[in-house]
Amino acid sequence: MADSTANVQDTIARPGKEGLRARFRRYRELRLTEEELATVLLTPVLLFLLGLSFYPILDTVWASLHTGYVIELPGQQREFVGLENYRQVLFPIGETRFWNAFGVSLFYTFVSVPVELVFGLGLALLLQKEFKYKYVAQAAILFPWALPTVINAKVWAWMLHPDYGVISDILVRLGILAQPFPFLSKPDIALYTMTGITIWKTTSFMALILLAGLSSIPDQLYEAARIDGASRWRQFRDITLPLLKPTLLVALIFRTLPAFQAFGLPFGLTGGGPGEATSTLVLYAQQAAYNNPGPTNGGFAIGSAAATLITLLALVIALIYVTTLYEPEVR
Amino acid sequence: MSVRDLTLEDIAFWEVGKRLGYFGSILAIVFVSMFPVLWILISSLKPSGELFVFPIEYLPYTISFDGGISVVQQYPLTLENYRTALAQRPVGQYLLNSFIVASGTAILDLVLGALAGYSLSRLQFRYKLPVLLLILFTALLPFISRLIPLYSLAIQLNGTAVSGFLGLNTYLGLILPYAAFQLPFAVWIFQAYFKELPDSLEEAGLMDGLSRIGVLFRIILPVSMPAMATAAIIVFIYAWNEFLFALTFMTQDSKRTITVGIALFGNQFSTPWGTITAAVFLSLIPLLLFMFFFQQKIVEGMTSGVGKA
């Protein structure tokens, strides 16, 4: 018993008070202070993130300020060009692809996310109730979320086929359309269609996160409100919504940032077309980087500049959300 | 009509209506969610000529009322599209590749996420909050901004001693970046779960002479199966669905994941919808099974972990 107490003492012991030899003995016996143990456990994690998340970001920024060679062959040095690549992205002569993509991404993100939020909240309220075979319904409703984006794009490209699409067929049968409608090849409609598809796909994910938030609201609050004679709507407005705020922040950030980085859906659905009507920022950056061959691989520099701009925009969006919605520990 | 005027029948009628409305809307949502899958299945079983008719014939058989009721065949069901799809492209290999990459990513993130989550929830040390924020911050960084440097790194590894297992067209070449991108979520799930465990659990272990590491592996981790399942499922689904990096890093057909394989079906001149729908449906089978087995875990995990942010 005395031994185990000593053990606890050792585990909690702070370094500095002990001699070097004692400390090595402690290490050999794998008895570490909390701080040492945290260092041992966190170092691999942080190195991993340093190598695969922070280094690439910094390298992208660096590459965006230089001429672009993927591999430096002898005689091909990367040259510092200042903000030249940014100028080529933002103010190229005779085209506005970046600004078009910026507009497309903004529309796509800030139309789809609020709509998903409203639908998702409704769905979450529906799914709060318990019923028989709920697991089957839940699995089916969650399915669109688990569907890979680019495969989803192919599925909808087929369902919205300009001549033989099933959506056209249903609408014709219902008498809403007279003939098949080219949902994806009309420049002024394609973006709406794409936004609708993403709403279909991710509403259930929104519902899932909000369901989590709803279940953490104590039932007593609703009971108390009922006893006080509060209507359903009052309960929703004065209990559900305020207590759901932290979850809303999580849901908004988890949906907005991926939507802002949409790539698979435009790639598989329209390839960014017709023209540039559905070209999102990431699709633009990817095409700028990889569809620009040539002796200098100039695309990688332009692509890096575009990627850096996307990073800055994403951080601005996150910052706006956190500053407007974050409340430090209300409960 | 005031409440007092309502008869028992009225109330019963109202209740039935409410239930019908409720289950009706649930059924409608289920139908809207699953219709695309159903449509892909129907399309994939049609003979090639049947795909391109309008108005569409939905079911292979229909009931005709001309001269008495009879069942009329609209089109024969065929597995032709599946045969073509499997002959043209290694769909099975794509699925296997996706499975290896997604499982590898999940395992790596479970290990790293549990270590970091434990440190950040149950140990006291300096810079705890900055380290947590640093890890979570990486979740905000767009994937595209990490693509080009990692791609050129992978190209530079080509032909070196490690190119057999690291770099372009290798599983680890995708697993490592995926794991790094999803690690913040795994860390978050674990630290949220560990934080809720009672202190007495750990103290008992320490009293019994276990070291902190012993406590982590013998006591904390065994009771953390729910957190592990949630983290594993979320990371697995992400890795299974990822497209941008898979498209860039897997240039050999035999190494492609299912998302890239399907996206690159066909060529610029024609889109073979029959074979595509067959390949798509094949790719959906594992996902459908996965969802029906794990949806409870997904919902539970989200409800206990991520939501309590």
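Residues numbered from 1 in each chain as written. Chains lettered and ligands numbered in written order. Predicted model: local features only at pLDDT ≥ 70, side-chain atom pairs only at ≥ 80, totals over all residues.

1. Details of the packing of helix H5 (residues 97–127) of chain A against helix H11 (residues 232–260) of chain A
Residue and element names in this part refer to chain A.
Right, on to step 1. Contact geometry of H5 with H11 gives a least axis separation of 9 Å together with a crossing angle of 150°. Of the possible angle classes, the one that applies to H5 and H11 is roughly antiparallel. Between H5 and H11 lies a crossing of right-handed hand. For the pair H5 and H11, contact is made by Ser 105, Tyr 108, Thr 109, Ser 112, Val 113, Glu 116 and Leu 117 and by Ala 251, Leu 252, Arg 255, Thr 256, Ala 259 and Phe 260, respectively.
Right, on to step 2. For the contact of H5 with H11, a count of residues per class yields seven nonpolar, four polar and two charged. (Axes fitted to C-alpha atoms, helices over the stretch in contact; angles between N-to-C directions. Helix = DSSP H or I, 4+ residues; strand = E, 2+ residues; numbered from the N terminus. Parallel < 35°, antiparallel > 145°, perpendicular 65-115°, else oblique. Left-handed = near helix turned anticlockwise from the far one by under 90°. Contact = placed C-beta atoms within 7 Å. Nonpolar A, V, L, I, M, F, W, Y, C, P; charged D, E, K, R; others polar.)

2. Digging into unusual backbone geometry
Right, on to step 1. Within the chain, Tyr 133 of chain A stands out as a residue other than glycine whose phi angle is a positive 60°.
Right, on to step 2. By secondary structure assignment, the location of Tyr 133 of chain A is in the loop between H5 and helix H6 (134–146).
Right, on to step 3. Among the residues examined, Tyr 133 of chain A registers 8 C-beta atoms within 10 Å and is labelled exposed.
Right, on to step 4. Of note, Tyr 127 of chain B is a non-glycine position whose phi angle comes to about 60°, a positive value.
Right, on to step 5. Secondary-structure assignment places Tyr 127 of chain B in the loop between helix H4 (91–122) and helix H5 (128–137).
Right, on to step 6. Assessed through the 11 C-beta atoms surrounding it within 10 Å, Tyr 127 of chain B is described here as exposed. (Buried ≥ 20, exposed ≤ 12 C-beta atoms within 10 Å, placed from the backbone.)

3. Quick notes on the domain arrangement of chain B
All names here are of chain B.
Right, on to step 1. Parsing chain B into structural domains produces domain 1 (3–73) and domain 2 (81–306).
Right, on to step 2. On the side of domain 2, nine residues touch domain 1, which itself brings seven residues to the contact.
Right, on to step 3. Going through the elements one at a time, helix H1 (8–44) and helix H2 (48–51) are the ones with two or more residues in the side of domain 1 that touches domain 2.
Right, on to step 4. Here the element with the most residues in the side of domain 1 that touches domain 2 is H1; it accounts for five residues.
Right, on to step 5. Across the side of domain 1 that touches domain 2, the residue classes break down as four nonpolar, three polar and no charged. (Domains from an automatic or database assignment.)

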